[in-house]
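# Structural overview
Below, each chain spelled out in residue letters.
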Amino acid sequence: MLYDVETETMPREDLEKLQLRRLQSLVERVYANVPFYRKKLDEKGVKPADIRSLSDVQYLPFTEKQDLRNNYPFGLFAVPRENVVRIHSSSGTTGKATVVGYTRRDVRTWASLMARSFVAAGANSADIVHNAYGYGLFTGGLGVHYGAEELGATIVPVSGGSTRRQVQLLKDFGPTVICSTPSYMQYLYEAAVDAGIDIKELPLRIGIFGAEPWTEEMRRDLENKLGITAVDIYGLSEIMGPGVAIECREAQNGLHMAEDHFLPEIIDPVTGEPLPAGSVGELVITTLTKEALPLLRYRTRDLTRLDYVPCKCGRTHVRMHRIMGRSDDMLIIRGVNVFPSQIESIILETEGTAPHYQIIVKREASLDTMEIRVEVDEKFLSHEIRGLQMLEGKIQKSIKEFLGVTAKVKLVEPKTIERSEGKAKRIIDLRNS
Amino acid sequence: MKSEQISIFLENRAGRLAEVTRVLSENKVNIRALSLADTSDFGILRLIVDDFEKAKTVLKDNGFTVGRTTVVAAEVADQPGGLHAILGMLSEHGVNVEYMYAFVQQSGKNAVMIFRFDRTDQAIEILQKNNIKIIPGDQLYKM
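Summarised in this report is the structure supplied together with it.

Analysis parameters
Residues numbered from 1 in each chain as written. Chains lettered and ligands numbered in written order. Predicted model: local features only at pLDDT ≥ 70, side-chain atom pairs only at ≥ 80, totals over all residues. Heavy atoms only, no water. Pairing = 2+ DSSP bridges. Helix = DSSP H or I, 4+ residues; strand = E, 2+ residues; numbered from the N terminus. Patch = residues over 30% accessible without salt bridge, like charges linked within 9 Å, V, L, I, M, F, W, Y side chains within 5 Å. Areas by Shrake-Rupley, 256 points an atom, 1.4 Å probe, with all protein chains shown as cover. Salt bridge = Lys/Arg side-chain N within 4 Å of Asp/Glu carboxyl O. Buried < 20%, exposed > 50% of the residue type's maximum accessible area, 1.4 Å probe, protein only. Contact = heavy atoms within 4.5 Å. Polar contact = N/O pair within 3.5 Å; in protein donor to acceptor, adjacent residues only side chain to side chain. Core = buried A, V, L, I, M, F, W, Y, C linked by side-chain atoms within 4.5 Å. Phe/Tyr/Trp six-rings, centres within 6.5 Å; stacked < 30°, edge-to-face > 60°.

### Describing the sheet that holds strand S12 (residues 298-304) of chain A
Residues and elements named next belong to chain A. Taken in spatial order, the four strands of this open sheet run S10-S11-S12-S15, and their pairing is antiparallel. Where the open sheet ends on each side, the last strands, each with one partner, are strand S10 (262-267) and strand S15 (325-326). Relative to strand S11 (residues 281-287), S10 runs antiparallel, the two being bridged by six bridges. Across the sheet, Pro264 pairs through a bridge with Ile285, a residue of S11.

### Remarks on a nonpolar patch on the surface
Nonpolar side chains collect at one region of the surface, where Phe74, Ile87 and Leu137 of chain A lie side by side and expose about 260 Å² of accessible area between them. Turning to its location among the elements, Leu137 of chain A is positioned in the loop between strand S3 (128-131) and helix H6 (139-151).

### So, the environment of Thr7 of chain A
All names here are of chain A. With respect to the element layout, Thr7 can be found in helix H1 (residues 5-8). A relative accessible area of 14% places Thr7 in the buried class. In this structure the C-alpha to C-alpha distance between Thr7 and Arg205, which are 198 residues apart in sequence, comes to 27 Å. Once residues within four sequence positions are removed from consideration, Thr7 is found in contact with Arg116, Asp260 and His317. Within the structure, Thr7 has its side chain in polar contact with the side chain of Asp4 (distance 2.8 Å).

### As for the side chain of Glu259 of chain A
All names here are of chain A. Within the fold, Glu259 resides in the loop between strand S9 (255-257) and S10. In terms of polar contacts, Glu259 uses its side chain to reach the backbone amide nitrogen of Val318, at 2.8 Å. Aside from chain neighbours lying at most four places away, what touches Glu259 is Arg12, Leu15, Gln19, Pro264, Leu288, Tyr308, Thr316, His317 and Val318.

### What to know about the nonpolar core
All names here are of chain A. Residues Leu23 and Tyr234 are the most contacted members of the largest nonpolar core, which totals 50 residues. When residues of this core are assigned to their parent elements, the largest contribution, six residues, is made by helix H2 (residues 12-33). Those residues in contact with Tyr234 that lie beyond four places of it in its chain are Gly241, Pro242, Gly243, Val244, Ala245, Leu255, Leu283, Ile285, Thr300, Asp302, Met320 and Ile323. Core analysis: the second largest hydrophobic core is formed by 28 residues, Ile347, Met370, Val374 and Leu388 among them.

### Details of the packing of aromatic side chains
All names here are of chain A. On inspection of all chains with the given rule, the structure shows eight aromatic pairs over all chains. For the pair Tyr102 and Trp110, a centre-to-centre distance of 4.8 Å together with 15° between the ring planes defines the contact as stacked. By the burial criterion, Tyr102 is buried, and Trp110 matches it. Geometrically, the ring pair formed by Tyr184 and Tyr187 is edge-to-face, given 5.8 Å between the ring centres and 80° between the ring planes. One end of the pair is Tyr184 and the other is Tyr187, both in helix H8 (residues 182-194) and three residues apart, which spans about a single turn. Given the relative accessible area of 0%, Tyr184 is considered buried. With relative accessibility at 24%, the residue Tyr187 sits in the partly exposed group.

So this is what it looks like as structure tokens:
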């Protein structure tokens, strides 16, 4: 099913014409209204009229998170403050918070893109949506909320927290769609098991999970345990929020980016040079239609690749591969690049462990050491030391084999790794403290 | 003929074992026999208690990971060669002892050992054929 058939299946030639027209108008707008961009464009000697083809986007300056911080709070807005109807802000977990604003039209665009995402996931107006994304300054909650209302579905604005109550609501209201981070879904599942509720028996049929990188193994695990179809959703507050890209349920293979509103590029995270189609690199997004906070070539720090091969669902919009990691999440362990998602895949492929893990990196005598704490699964818990030692050895061996690094694997008691109601904290890097 | 043993997975952290004994003591569960197997990171505590169900429930409620294992309690003659006689008849039939530990008994001329076998039913059969006294669970917990 498609929400906006004409746009979502637009021939690429027409889509690119639309993108170019919007890009040109965007550059004109930011040049005229945002002193920061006027200065940057002038420094590069680029005038709005120089943008004649889509590939000219590479002559535009990048925008980094730091630029948003430097212009905190409203410095990059392209419209008078009175035209801004909503403010969101990033969590500021990695530094000073960034602020984003939305005009009335921006909020409407966002709602329609989120409704489009729901339909891609297989939802419709008859669904009940349990929304466990946090409400408030974080874009997840309200983004999903407006999208569900736009679609005409029934939204249950649960937000994060009160896990026991959430389990009760799952049972009482019988939602058919659930939206949360994948790690919180794992936590909810455990809470349901503890409460003696089998989610598989409930009407739940679709899970829309995002806001943190997760793996194919985690998807299979959630699908099997919950008896649902799970799709990956992507968004970031600087660009808009959830709904920037979503997997279609037909293929479950890459997330269609709403290319009528966002122009994606893949660059080399070190040199900043554009990479050829299909390469893995950092995702850069130019917002084509945003009014309040338009951004040129925003560096997301998310690593992925783009796939322009037509999808079996009929959508012509490019697919981005699930996020493989964040350039700032990448651990360099004795010179080897390691992403938490790689470790997650290995752990989930090993029977006997729960999908909760934490990576602790330390420096001992000038050598990096990595310890991976993994919860043992109650089901597989044996009264034999040997079995558990073999499990540790198996994970350790796979990590050495696939990543080329030696890690100490430490089994810990179930439910001892801290649970998160939002994004999971997988890495504790103690090297610089 | 079999007895129930509780197995608890424990991380090697200061005070973790004391947590188990605190929970059991507060709930008036008496420990009859125990053994602890450990590595540098974690251990498995095996317990025979006077009230298996209660122990399991209160430990679970306190966040412990608890498993159930079937073991066999056998009387061993308290004299040289007493244990050897039992191990000898089992090894003859290829039954493997995965682990064993002693049961504390206040009086009586025989010692009681708790055995975990790889083939429990066959082991019981062999012991009975050789007139080794097996103490059934319900008696063991009350001894």
